[in-house]
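# Geometric and topological summary
Read off the chains here:
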Amino acid sequence: MTVSLAELTAASARLHNHTDLSDELYDDRIRDLVAYFRHLLSTDALSTFARDDFLLDNFDPSADSVAFLFILRSQIQKAKERTSENLPGDVWPTGKLWIRAVHFLKNFDRVQARYVGQEWRQLVELAGRAAQAASKPLLGARLVRDAMLRLDPSCAVFTSTHLLLVRLCLRARTYACALPVLDRHICYFPALVGRADSKAAQPLLCSEQESSLAFMGDASGLSSKLSSKDYLQYFLCGGMIYMALKQWRKALHFLGIVVSMPIAGSLSMIMVEAYKKWILVGLLEKGKLCPPPSLTSPHAAKMYQSLTRPYITLAQAFERDDVGRLKAEVNAAEHVWSTDNNTGLVAQVMNAFYKHTVIRLGKTFAALTMADLAEQALPWPTTEEDAESIIASLVMSSDLGARLLHSQKRTSSTMLRLSAVSHLPRLSHEMEMQVQLRNEGRSLKTLMSNLEQSNHQLGLSDEYIDNAQKNQLWAGSGEIPASEQVGLDMDEDIMGDLH
Amino acid sequence: MGLPPLSTAQLDNLTTSNLSPSQLFETLSHYESEACLATAGPGSTDPHMLSSFYSSFFIVHLLTDQVPEARALTQRMPETLRSQDPSLQNCMTLLRALWQTQHAQVYRILRDSPWPETLQPLVRRYESFFQDKTLIAVSSSYEAIRPAVAAMYLGLDEQAAEKGDPSIIQKFTAVGWTWDAEAELLLPKPIPTAATDSQSSNRIHEAMGMLGGRGS
């Protein structure tokens, strides 16, 4: 079977000017077109165009997404067969098929892409693999992120592409690039979507959807099969990205999700690795040994304790305000921190210790002189000037809620007033609060609408829970060290060499 | 988005433009892929253009207050460029001073280091940004401060400030601080930072309503 360019363009043109069509008709046309191209692909009818470098010039990915994607897919397949390589040179960055793939992923039509989920995902994965193979993960990271946000701006359904993105960002050390996706709440898993209400009328894929849930179910192909390991790795990698950006509170939240994962038997290595980081990040953010999240089973909590002994001991020394012991613990377990890729975090814990010592002093004293602070809070012999510089940077970065007071006499020591924050004009606090509340309000709105959708699903069928349980084919615990599973050897203290 | 290809001329246009820091960041982010590809083939690289790009992008990270990500950028740069290019060396020194909160050193690097002519507009913008940010931080961190220390934070003449130079004192009183001539101390007044959204109060009301209404 052969097909001409005129036939291909005519078939794709049926999707143009769709605003005049009803949703039903548009849906039918896209489905027909997808079936047509799948047939062409299966009968090798597109092979005549396999080496036609200009064929895709006849298609606009924003209007002819289905046609563009299938033709590109066919050309990639033929390049693979020709070179007997899984990643032929044409697919590598700057290759002619790479350029086409980038053009598609930046411009595809998000509605048409819903009908070709599997092909869309495979192209995204190919781009990610090619970028990594060329040691240019940065190229893949941006492309994958923008494609994800183009397809589903809410990113509320967890997919295998989420994991691909965070891995690429960690490898490329482009941490902020992941934030537009990481900062969005994940509310659903594809395996749990669209089965309970399968008897109910499914909305058309091309209709305006309130939630991406409607088009990102398991059958959409937009995600590959997921296991519990993927889920854990995503949140561990996400936590590491937040750590690199020193967003400790968010890092703690992500690590807490991994730590509190329900288990049937033993802990996975990923969970243990997350718990180690959880302890260190807890010290950095809260200045104390944070217990595992309340959802963690007592059985798991006990196992964590026994598997992370050096970390617990370190945290206890921190809490007891014992700088000598803290230093001794840091030195004694150097190889542990190094093996776990936590050396940078531990170094930051040492710095945070002094901040929290000052905060603790503030619970006893209303004010302290720099001379007192240099003696009581700072471990090394420090001049008053240096002590003021250290303390002032803590106050100015809002890490320490206090105010400094120079005295009239030049010889007198500078005073740190630890109870002075309440005297600040309320206006600036209120403004900060306003911004925070506004952000929280937005998050709540998103969560509430997704919660309503979940309630709706749960209400449709008594079998939903059974179904959901069947679909949760969580893989068992891993035997390989988690950092190797994640495939990263990242020292999260990106500022380590600047201390 | 139809951006022209990355070139020295395009970078010059951007660094001298009136684009906001976030717009500059967005635009230069798009160009990072091109810069990344430009380093792919041997002999295909224009070191001057790459130096200009990475230096500009670095300063724009600082202008958008992304110090950890600026550090990550220095790790993404081609190693040879980072270790040999004078402009990028300046960036590394600046990053170190910022990380160690050495204000005087930051101003020294910004003012005295040999920055390329094309980068000067961005460097000046960052100096002004850093000064404003520090002023806001000092205003809410000190109840009373000696003029010389305040001058050090803002990159002003410390010796003149110590002698009570009226022109320097006036810079502080102009932003609401009080000068206690007898005690020779400046009394800072916290500077409220503007809320970014004029409708924030309504949104807070909505958020509070949502919090209150869901409990029942």
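Treat the numbers as computed from the prediction; the structure is a model and nothing was measured.

By secondary structure assignment, the location of Y153(B) is in helix α9 (residues 147-154). Judged by its relative accessible area of 5%, Y153(B) falls in the buried class. Sequence spacing of Y153(B) and A9(B) is 144 residues, and the spatial spacing of their C-alpha atoms is 36 Å. Those residues within four positions of Y153(B) in sequence are excluded, and the remaining contacts are A392(A), M396(A), H103(B), Y107(B), T134(B), V138(B), Y142(B) and I145(B). A distance of 3.1 Å separates polar atoms of two side chains, one belonging to Y153(B) and the other to Y142(B).

Turning our attention to the packing of aromatic side chains. All names here are of chain A. Applying the stated criterion across every chain yields a total of 26 aromatic pairs over all chains. Seen from their ring centres, Y36 and F37 are 5.4 Å apart, and the 75° between their planes marks the pair as edge-to-face. Taking the relative accessible area as the measure of exposure, Y36 reaches 24% and is therefore partly exposed. Its relative accessible area of 0% is what places F37 among the buried residues.

This part takes up unusual backbone geometry. All names here are of chain A. Residue S135 is not a glycine yet carries a positive backbone phi of 55°. Considering the arrangement of structural elements, one finds S135 in the loop between α6 (117-133) and α7 (137-151). Even without glycine at this site, N341 takes up a positive phi of about 60°. Its place among the elements puts N341 in the loop between α16 (334-339) and α17 (343-364).

This part takes up the pattern of salt bridges. All names here are of chain A. According to the stated counting rule, one finds 22 salt bridges over all chains in the structure shown. Across the pair R38 and E119 runs a salt bridge, and its minimum N-O distance is 3.1 Å. Placement of the pair is R38 in helix α2 (residues 23-42) and E119 in helix α6, with a sequence separation of 81 residues. In this structure, a network of salt bridges that share partners links the residues D53, R82, D90 and K96.

Backbone hydrogen bonds are what pair the strands of a sheet, in a parallel or an antiparallel way. Reading across the sheet, the four strands line up as β1(A)-β3(A)-β2(A)-β1(B) and stay open at both edges, with mixed pairing between neighbours. This sheet does not close on itself; its edge strands, each paired only once, are β1 (367-369) of chain A together with β1 (142-144) of chain B. Within this sheet the neighbouring strands show an average axis-to-axis angle of 25°, counted without direction. As paired elements, β1(A) and strand β3 (residues 415-417) of chain A share three bridges and run antiparallel to each other. What sits directly across from T369(A), in β3(A), is M415(A). Sheet strands touched by helix α19 (residues 384-396) of chain A: β2 (403-405) and β3 of chain A together with β1 of chain B. Its angle to β2(A), the strand with the most contacts, is close to 140°.

Quick look at the side chain of H103(B) now. Residue placement: H103(B) occurs in helix α7 (residues 103-112). For H103(B), a relative accessible area of 10% gives the class buried. Ignoring any residue separated from it by four or fewer positions in sequence, one finds H103(B) in contact with M396(A), F130(B), T134(B), M152(B) and Y153(B).

Take the domain arrangement of chain B next. Residue and element names in this part refer to chain B. Per the domain assignment, the segments of chain B are domain 1 (1-118) and domain 2 (142-216). Interface area, domain 1 with domain 2, both sides summed: about 360 Å², of which 54% is carbon and sulfur. At the junction of domain 1 and domain 2, the tally comes to zero salt bridges. The tally of links from domain 1 across to domain 2 stands at two residue pairs in polar contact (both at pLDDT 80 or more). For the side of domain 1 that touches domain 2, the per-class residue count stands at two nonpolar, one polar and one charged.

All right, on to a negative patch on the surface then. On the surface, a cluster of negative charge is contributed by D23(A), E24(A), D28(A), D32(A) and E208(A). Structurally, the position occupied by E208(A) is in the loop between α9 (179-182) and α10 (228-244).

Residue and element names in this part refer to chain B. For the pair helix α2 (residues 21-38) and helix α3 (residues 47-63), the least separation of the axes is 9 Å and the interaxial angle reads 145°. Once α2 is placed against α3, the crossing between them reads as left-handed. Of α3, the residues touching α2 (which contributes P21, L24, F25, L28, S29, Y31, E32, A35, C36 and A38) are L50, F53, Y54, S56, F57, V60, H61 and L63. A per-class count over the contact of α2 with α3 returns 14 nonpolar, three polar and one charged.

With that out of the way, let us pick up the packing of helix α1 (residues 5-13) of chain A against α2(A). Residues and elements named next belong to chain A. Running from amino to carboxyl end, α1 crosses α2 at an angle of 155°, the nearest separation of the two axes being 10 Å. Classed by the angle they form, the pair α1 and α2 counts as roughly antiparallel. You can see that α1 and α2 cross each other, and the crossing is left-handed. Contacts between α1 and α2 pair E7, L8, A11 and S12 from the former with L33, Y36, F37 and L40 from the latter. Partitioned by chemical class, the residues of the contact of α1 with α2 number six nonpolar, one polar and one charged.

Conventions used here
- Residues numbered from 1 in each chain as written.
- Chains lettered and ligands numbered in written order.
- Predicted model: local features only at pLDDT ≥ 70, side-chain atom pairs only at ≥ 80, totals over all residues.
- Heavy atoms only, no water.
- Helix = DSSP H or I, 4+ residues; strand = E, 2+ residues; numbered from the N terminus.
- Buried < 20%, exposed > 50% of the residue type's maximum accessible area, 1.4 Å probe, protein only.
- Contact = heavy atoms within 4.5 Å.
- Polar contact = N/O pair within 3.5 Å; in protein donor to acceptor, adjacent residues only side chain to side chain.
- Phe/Tyr/Trp six-rings, centres within 6.5 Å; stacked < 30°, edge-to-face > 60°.
- Salt bridge = Lys/Arg side-chain N within 4 Å of Asp/Glu carboxyl O.
- Pairing = 2+ DSSP bridges.
- Axes fitted to C-alpha atoms, helices over the stretch in contact; angles between N-to-C directions.
- Domains from an automatic or database assignment.
- Buried area = accessible area lost by both parts, 1.4 Å probe.
- Nonpolar A, V, L, I, M, F, W, Y, C, P; charged D, E, K, R; others polar.
- Patch = residues over 30% accessible without salt bridge, like charges linked within 9 Å, V, L, I, M, F, W, Y side chains within 5 Å.
- Areas by Shrake-Rupley, 256 points an atom, 1.4 Å probe, with all protein chains shown as cover.
- Lys, Arg positive; Asp, Glu negative; His and termini not counted.
- Charge placed at Lys NZ, Arg CZ, Asp CG, Glu CD.
- Left-handed = near helix turned anticlockwise from the far one by under 90°.
- Parallel < 35°, antiparallel > 145°, perpendicular 65-115°, else oblique.

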